[in-house]
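One letter stands for each residue in the lines below.
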Amino acid sequence: MPMNLANIDLKLLVVFDAMMAEGSVSRAASRLGMSQPALSNALNRLRLLLNDRLFLRTAEGMRPTPRAIEISGPIQSAMRQIEEALEPTAFEPQDPDWTFSLAVSDHASVVLLPLLIEHIARIAPRVSVNIQSRPNEELPVLLDNGEIDLAVGVIPNLPRRFKHMALFEDRYRCMMRQGHPLAGRPITLEEFLSADQLSVKPGISGISRVDRLLAEVGLKRRVATTVHQFLAAPAIVSRSDLIVLVFEKMVPIFDPSRFYFCPVPVPNMQVAATAVWSDVHSDLPAHKWLRRQLAVVARQLAAEYGGDDTAISAAG
């Protein structure tokens, strides 16, 4: 009959492993921080369990029996595997086997991601980064099951079991084609609300973030067209009289000869981008390293924009 592992005290195997390494009760006891009587008692329990004397006292010290020699290799290997399993996985940025998976919004992909990729390529060129585009409503499940390490973007109302780190703030600006009837000057609130607008709504449920911010101050714009991909917005706006709201930090990627930008005539049209992760990952060395790199590039972003509207917290 196979031995029932439930009947084995793991500490007995630790004692056996120390005895094989030291060949002495006193040295094994010292190694384990035990008294000699306690170690002798544990050794006797193991002898009874295995029905073998295991160690014989000789002039040269405690000599292992053939049975002890037979089981010493497998037990030592098992002990090392248990130690490795219980220790946090060491992280070395030079290790080519490390791949981080991030869900990054369109906004953060343009504003922060280029800095992050450039930074990681410089300090840890063998680390890989897998970037996904996922709507906010999918993030809790992806974070919980470990499919992604971090989510980066404007991510409100997540359950409290998730941790977060502030990265940067941004505000909306109106974008329209050059030659648009409203181009060339700031627009009024009345013009803004009555103009035909293009709504970019990555998720498929609820209202867009822009409309939610407007509703908070009792306003509603005229949405003529809705798309779910930000990539479509510039092409649509360039061939129509639609206005679309884009983030200020994204403005440099657009051709100023084709597009005109002006402030949104509504107060508090700003958002905060964060990094979000599952609490179970908080203490993992690799995860801590990744969050530190995000904090570094967030500070770099703040410096590039003057640091007046960017919030950054510690990486944890």
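Above: the structure in question.
Residues numbered from 1 in each chain as written. Predicted model: local features only at pLDDT ≥ 70, side-chain atom pairs only at ≥ 80, totals over all residues. Heavy atoms only, no water.

A. Expanded view of the packing of aromatic side chains. Going through the model one piece at a time under the given rule, you end up with seven aromatic pairs. Here F254 and F259 contribute two aromatic rings whose centre-to-centre distance is 6.0 Å and whose plane-to-plane angle is 70°, an arrangement assigned as edge-to-face. Each member of the pair, F254 as well as F259, carries the same accessibility label: buried. An aromatic cluster is defined as three or more aromatic residues linked by ring pairs; in this entry it consists of F230, F254, F259 and F261. (Phe/Tyr/Trp six-rings, centres within 6.5 Å; stacked < 30°, edge-to-face > 60°. Buried < 20%, exposed > 50% of the residue type's maximum accessible area, 1.4 Å probe, protein only.)

B. Examining the environment of Q197 more closely. Looking at the element boundaries, Q197 is found in strand β7 (residues 196–200). In this structure the C-alpha to C-alpha distance between Q197 and R222, which are 25 residues apart in sequence, comes to 6.1 Å. Non-local contacts of Q197, meaning those with residues more than four positions away in its chain, are made with F192, R221, R222, V223, A224, T225, L242, I243 and L245. (Helix = DSSP H or I, 4+ residues; strand = E, 2+ residues; numbered from the N terminus. Contact = heavy atoms within 4.5 Å.)

C. Representation of the pairing of strand β10 (residues 259–263) in the model. Taking burial as the measure, the five residues of β10 include four buried ones, the bulk of the element. The sheet contact formed by strand β6 (residues 162–177) and β10 spans five bridges and is antiparallel. Residue C174 lies in a different strand from β10, and its bridge partner there is C262. (Pairing = 2+ DSSP bridges.)

D. Here's a closer look at the pattern of salt bridges. As enumerated under the stated definition, the model contains twelve salt bridges in all. Of the charged contacts, one joins D144 and R161 as a salt bridge, the two residues approaching to 2.6 Å between their closest N and O atoms. Taken together, the residues D144 in helix α7 (residues 139–144) and R161 in the loop between β5 (150–153) and β6 connect sequence positions 17 residues apart. We note a salt bridge from R177 to D241, for which the minimum N-O separation is 2.6 Å. Placement of R177 in strand β6 and of D241 in the loop between α10 (232–238) and β9 (243–247) is noted, with a sequence separation of 64 residues between them. According to the relative accessible area criterion, D241 is partly exposed, its value standing at 39%. Salt bridges sharing partners connect three or more residues here, namely E22, R27 and R31. (Salt bridge = Lys/Arg side-chain N within 4 Å of Asp/Glu carboxyl O.)

E. Region of interest: the layout of surface pockets. In this model, the second largest pocket occupies a volume close to 350 Å³. V154, I155, P156, N157 and L158 are the residues nearest the centre of the second largest pocket, which is lined by 19 residues in total. For the lining of the second largest pocket, the secondary structure elements donating two or more residues are β6, α9 (209–216) and β11 (270–278). Residues that form the lining of the second largest pocket fall into these classes: ten nonpolar, four polar and five charged. (1 Å grid on protein atoms, 1.4 Å probe; cavity = no way out; pocket = protein on both sides within 12 Å on 5 of 7 lines; lining within 4 Å. Points joined across faces, edges and corners; volume = space filled by probe spheres on them. Nonpolar A, V, L, I, M, F, W, Y, C, P; charged D, E, K, R; others polar.)

F. Main features of unusual backbone geometry. One non-glycine residue, N51, adopts positive backbone phi at about 55°. Taking relative accessible area as the criterion, N51 reaches 70% and is therefore assigned exposed. Its identity as a non-glycine residue notwithstanding, L54 has a phi of 70°, on the positive side. Positionally, L54 belongs in the loop between α3 (36–50) and β1 (55–58).

G. Expanded view of the state of the cysteines. Taken as a whole, this structure holds zero disulfides when the rule is applied. The cysteine C174 is free of any disulfide, with C262 supplying the nearest cysteine sulfur at 4.4 Å. By relative accessible area, which is 0% here, C174 ends up buried. Classification of C262 by relative accessible area gives buried; the value is 1%. (Disulfide = S-S within 2.5 Å.)

H. Molecular detail of the pairing of β9. Most of β9 sits out of view: five of its five residues are buried. Alternating residues of β9 divide into I243, L245 and F247 and V244 and V246, and every residue in both groups is buried. Across four bridges, β6 lies against β9 in antiparallel orientation. Paired with R173 across the strands is V246, a residue of β9. Of the strand pairs in this sheet, β7 and β9 are connected by two bridges, and their pairing is parallel.

I. Region of the structure containing the side chain of D17. Here D17 lies in helix α1 (residues 10–22). The exposure class assigned to D17 is buried, which follows from its relative accessible area of 9%. The residues contacting D17, other than those within four sequence positions of it, are Q76 and R80.

J. Region of the structure containing the environment of L13. With respect to the helices and strands, the residue L13 is situated in helix α1. For the pair L13 and I120, spaced 107 residues apart in the sequence, the C-alpha separation amounts to 44 Å. Among residues more than four places away in sequence, those in contact with L13 are I8, L46, I75 and M79.

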